[in-house]
Amino acid sequence: MKPYIYITRKLPEEAIAPLRQKYEVKMWEHDDVPVPKEILLAEVKKADALLTMVSDTIDEKVLNEADNLKIVANCAVGYDNIDLPAAAKNGVAICNTPDVLTDTTADLTFALLMAVSRRVVEAAEYTKKGQWKSWSPFLLAGQDIHHKTLGIVGMGKIGEAVAKRAAGFEMNLLYHNRTRKPEIEQKLGTVYCTFEDLIKKADFVVCLAPLTEETKNMFTLEVFQKMKRSAIFINASRGPVVNEQGLYQALVTGEITGAGLDVFEKEPIDADHPLLGLLNVVALPHIGSASVETRTAMMNLAIANIEAVLDGKNPLTLVNKDWTSCTNSK
Ligand code: GLV
């Protein structure tokens, strides 16, 4: 019997066609609706491999259902949607898609920063709605980006790629990270700061930290109150690092000037969420890595990880480094 791969979203048939020669492959039929939990639970019972999306919760209940599962290949660099201890207990390799999305996600992060500071979305809507009646000196005037201070919270590969872009804008670069990165300090002139210092000094605070117990709810009203009143906050990591009520409060009371958000506590965000009613918020539907080239590369990397594990080889981008194919009892 061929090993069974279940894919939780509809992917282009040509991308998975080569897999069909060696494996039995089934996909969830929709690309705009996540697979319902009961279907996922039934599929994981039969599957040797799962190809998952960031919107799938692969928790203990799902992993405990698995009888033959060897790998979960998550189509994302983040893997906070997967219960790693439960994966370890069940001998399942967890893989992500780092590196291939670094520059694309940094581009989007910088685009959000630029959109908020120069009021690009607001100005575009203003023009399209026919509200532009005359030129005037301070019409939709925003804030400069060049020569300002950028504070990056979470200096991983995407943080470094954002810093590179910011260096081109001659920005002063501060960062906060669990560990210092002397090579990046040397190469790009980034200055390490405590979190407290960074939020007080930065004109732009950009969060790129992964979601962990330590980073959850890191940005509260109290934190926003310590930022400059002219500060712009950008979040391109995970929604739960931010207390959204605190952010809303900070934005409406002028504690900070604006926010650019690609991620939210609950995704998709409800259309009547208070943050969406604010002109000084640019909100995107979690599209950090969403270029055709990069999403294709992520999909191919996830597929390569599955093929490796099902062939008894080491995957290319393993998250749970203590996993080895020989410790896998299944
Ligand atoms: C997307 O959010 C990712 O983690 O790749």
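Chains are numbered independently. Their residues run from 1 in the order of the written sequence. The model is predicted, so local features are restricted to residues of pLDDT at least 70 and side-chain atom pairs to those at 80 or more, both for listing and for counting; the totals for chains, interfaces and linings are taken over all residues. Working from all heavy atoms in the structure, the side-chain values ignore hydrogens and water.

For the rest of this paragraph, the subject is the packing of aromatic side chains. Given two aromatic rings, one states the distance between the centres and the angle between the planes to describe the pair. Each Phe, Tyr or Trp ring, with Trp reduced to its six-membered ring, pairs with another whose centre is within 6.5 Å; inter-plane angles below 30 degrees give stacked pairs, above 60 give edge-to-face pairs, and intermediate values give tilted ones. Taken as a whole, this structure holds 6 aromatic pairs when the rule is applied. Summarising the aromatic geometry, the rings of Phe 110 and Phe 169 are spaced 4.9 Å apart at their centres and angled 45° between planes, so their arrangement reads as tilted. Here Phe 110, found in helix 5 (residues 102–117), pairs with Phe 169, found in the loop between helix 7 (157–168) and strand 7 (172–176); they are 59 residues apart in sequence, far enough to count as distant. A relative accessible area of 29% means that Phe 169 is categorised as partly exposed. Judged by centre distance (4.7 Å) and plane angle (50°), the ring pair of Phe 219 and Phe 233 falls under tilted. Note that Phe 219 is positioned in the loop between strand 9 (204–207) and helix 10 (221–226) and Phe 233 in strand 10 (residues 232–235), a separation of 14 residues in sequence. Strands here mean DSSP runs of E at least two residues long; helices mean DSSP runs of H or I at least four residues long; both are numbered from the N terminus. Each residue gets one of three labels from its accessible area relative to the maximum for its type: buried under 20%, exposed over 50%, partly exposed in between, using a 1.4 Å probe on protein chains only.

Further remarks concern the sheet that holds strand 10. At least two DSSP bridges between two strands are required for those strands to pair. Taken in spatial order, the 7 strands line up as 8-7-6-9-10-11-12 in an open sheet, and their pairing is parallel. The sheet is open, and its two edges are formed by strand 8 (191–192) and strand 12 (281–283), each paired on a single side. Where strand 11 (residues 258–261) meets strand 12, 3 bridges bridge the pair, whose relative direction is parallel. Bridge pairing in strand 12 places Leu 261 opposite Ala 283. Residues count as neighbours in contact if any of their non-hydrogen atoms are within 4.5 Å of one another. Between N-to-C directions, angles cover 0 to 180 degrees, with each direction set by a line fitted to C-alpha atoms, over the stretch in contact for helices. Strand contacts of helix 7: strand 6 (149–153) and strand 7, with the helix running at about 175° to strand 6, the strand carrying the most contacts.

We now examine the side chain of Ser 117. Counting through the fold element by element, Ser 117 comes out in helix 5. At 3.4 Å, the side chain of Ser 117 forms a polar contact with the backbone oxygen of Met 114. Beyond its immediate stretch of four places on either side in the chain, Ser 117 contacts Gly 142, Gln 143, Ile 145, Phe 204 and Ile 232. For the purposes of these results, a polar contact is taken to be a pair of N or O atoms within 3.5 Å, where, inside protein, one atom must be able to donate a hydrogen and its partner to accept one; residues adjacent in sequence count only when each atom of the pair is a side-chain atom.

Turning our attention to the site of the ligand. In the vicinity of the ligand, the contacting residues are Ala 76, Val 77, Gly 78, Leu 101, Arg 238 and His 286. The contact in question runs from an oxygen atom of the ligand to an N or O atom on the backbone of Val 77, over 2.8 Å. One nitrogen or oxygen atom from the side chain of His 286 is found 2.6 Å from an oxygen atom belonging to the ligand. Note on areas: Shrake-Rupley, 1.4 Å probe, and residue coverage restricted to the protein chains presented here. Contact with the protein chains removes 87% of the 200 Å² of surface that the ligand exposes when unbound. Here the shell around the ligand is built from residues that sort into 3 nonpolar, 2 polar and 1 charged. Near is defined per residue: the residue qualifies when any heavy atom it owns lies within 4 Å of the molecule or strand. Here the nonpolar group is Ala, Val, Leu, Ile, Met, Phe, Trp, Tyr, Cys and Pro; Asp, Glu, Lys and Arg are the charged ones; every other residue, Gly included, is treated as polar.

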